[in-house]
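These are the residues of each chain, in order.
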Amino acid sequence: MSMKELKFLLPLVAAAVALGAAPTVWAHGFGDRYDLPVPLSYFAVGGGAAVVLSFAIIGIVVEAEKGALVYPRFNLFQISGARFLLGQATAWILRLAGLFLFFLVLVSGFYGDSDPVSNLAPTFIWVIWWVGMGFFIALFGNLWALVNPWKILYGWAESAHQLIRSGKQLGLGVKYPESAGIWPSVILFFCFAWLESAFSGSSDPRNLALLAVIYSLITLTGMFIFGKHEWLRHGEAFSVVFGFLARFSVTEMRIKGTTSCVACGDSCAGEDGDCVNCSQCLETAIDSEFNLRPPAVGLNNIGKVGVDVLAMVILLLATVTFDGFSATPEWQDIQTFFFWLLPRGTVDGITVAATLGLIGVPLGFAMVYISFAHLMHRAVRRETPTIDMAKGFVFSLVPIALAYNFAHFLSFLLIQGQLLIPLASDPLGIGWDLFGTVGYTINIRITNARFIWFFSVGVIVLGHIIAVYLAHIRAIAMYGNRDLVLRSQLPMLGLMVVYTITSLWIVSRPIVE
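Draft legend 1. Seen up close, the environment of isoleucine 400. Of note, isoleucine 400 is situated in helix α18 (residues 398-416). Sequence separation of isoleucine 400 and isoleucine 465 is 65 residues, and the distance between their C-alpha atoms is 9.0 Å. The contact partners of isoleucine 400, leaving out residues within four places of it in the chain, are Leu317, Gly463, His464, Ala467, Met496 and Tyr499.

Right, here's the structure in full:
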């Protein structure tokens, strides 16, 4: 095994060493409060020490080797029959399933029972799609690129238009302004986060169906004005967010060489020169690879990063952290304060508090991250401007967002996700029993507080270790000089330790619902 291949095994080794030394602990459970047998500071020190230890191991073992990122990968299409099993027939089945579920959610929302527990729409949107789809994409690959209903519908409309008016493109063909970047998707994702965390009607089936229609109109209009793929890359919030998460996954679709990227102006080409995970290029390419790869390596094949991308990654990290903090007693106290402060009957104090939190937490995250980027700028003798430091290392934050997402939402997915079993038989809540499962009751013992605490501590520490490793590899690509690499990473290490401690504090806060 070459040194370059060996480098991608180091995060797992470092994590195993660090977590093996962690103390055995307990956490709070579901419905009952459990006290930690030792002070939380012990866990904070242990988690921070694990991150520092991983930094030391990585700094000693990984050689400074400036240049394009290279990592081992295996093309699954080399296996006999794999291209058929993973080819167009499977893609069509997934597309049809995606469209069917999309319209079923709309019908359930508009015409089904108004009780959120008895209606498919809330459970499917918040539990199965948003949490479950995010988990799947981060681990296994970008399924959303196949089942995105707006992409499918507009693609079919384009095909029909070609039959009627051969050679004519559907849409206005307006050139997307380069200066706009992915800011439309940043704005739309913030609106989505507000609906999830602050909007009091976010569980109402009819509200969700109406919002889905509004978002559909925005998306289809954007495609009509600027083109399907341009809007998917810049304006469709979930394509952008899920695309970021898919960089962590163990699979990739790859087309060798940038000649395949002519249609999209090389915007999908990574630093290694190949086109990776670009749906536009894959639609026109004759030959492609479907590769297995080490997890997280796609986060270092970043290509061009602008302030818009920086804002989206920070927003993603900040919103999932805020979502976790909103389940603590401290946040309940803040909400209570706003509830009594503001005039009742005119202003919803809880919504105001959540809105201010959703604005303040991302801004606070940005200030902290930029501050540490400035320390990195000073550490490398001002060779790299602060903003370039911030942009260059921002994708190393994605494993932290994923780790906290897994820690915060795993029990939610395992327990609330079981609602899909009775809802499959009666999605509208009108008395059907299509598959004989309508009488199923949720099994809350499918997991327990002890497991969730161990899992949360482990995944948070592991996520920060991977982030440290990715930042180190990024520094190598930027500088190559071992001294500059290590100097640049000391402030980043400090940031990782601070956020490790903060994350462990949030998930440790007992709250009974």
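Draft legend 2. The pairing of strand β2 (residues 251-255), seen in detail. Extensive coverage of β2 is indicated by the burial of four of its five residues. Relative to strand β4 (residues 289-292), β2 runs antiparallel, the two being bridged by four bridges. Among the inter-strand pairings, glutamate 252 is bridged to a residue of β4, identified as asparagine 291. The pairing of β2 with strand β3 (residues 275-276) spans two bridges and is antiparallel.

Draft legend 3. The packing of aromatic side chains, seen in detail. Within the structure shown, the criterion is met by 35 aromatic pairs. On the basis of an interplanar angle of 85 degrees and a centroid distance of 6.0 Å, the ring pair of tryptophan 129 and phenylalanine 242 is categorised as edge-to-face. Of this pair, tryptophan 129 sits in helix α6 (residues 120-140) while phenylalanine 242 sits in helix α12 (residues 237-246), and the two are 113 residues apart along the sequence. Of the two residues examined, tryptophan 129 and phenylalanine 242, each falls in the buried class. Ring geometry for phenylalanine 365 against tyrosine 499: centres 5.6 Å apart, planes inclined by 75 degrees, an arrangement best described as edge-to-face. Of the two residues, phenylalanine 365 sits in helix α16 (residues 349-379) while tyrosine 499 sits in helix α21 (residues 482-508), which places them 134 residues apart along the sequence. Tyrosine 499 matches phenylalanine 365 in its accessibility class, with the two residues each being buried. Aromatic rings pair up to connect Phe102, Phe103, Trp126, Trp129, Trp130, Trp144, Trp150, Phe189, Phe192, Tyr215, Phe238 and Phe242 into one cluster. Across from the ring centre of tyrosine 71, 5.5 Å away, lies the NZ or CZ of arginine 73, which sits over that ring.

About the thresholds
Within each chain, residues carry numbers counting from 1 in the order of the written sequence. Side-chain atom pairs in this predicted model are given and counted only at pLDDT of 80 or more, local residue features only at pLDDT of at least 70, and totals for whole chains, interfaces and linings cover all residues. Neither water nor hydrogens contribute to the side-chain values; these are computed over all heavy atoms in the structure. Every helix listed is a DSSP run of H or I at least four residues long, and every strand listed is a run of E at least two residues long, numbered separately from the N terminus. Here, two residues are considered to be in contact whenever any of their heavy atoms come within 4.5 Å of each other. The buried label goes to any residue with under 20% of its type's maximum accessible area, the exposed label to any with over 50%, and the partly exposed label to all in between, with areas taken from a 1.4 Å probe on protein chains only. DSSP bridges decide pairing: two strands pair if at least two such bridges lie between them. Aromatic rings from Phe, Tyr and Trp, taking only the six-membered ring of Trp, are treated as a pair when their centres fall within 6.5 Å; an angle between ring planes under 30 degrees marks them as stacked, one over 60 as edge-to-face, and anything in between as tilted. The criterion for a charge sitting over a ring is simple: Lys NZ or Arg CZ within 6 Å of the ring centre, and within 35 degrees of the ring normal.

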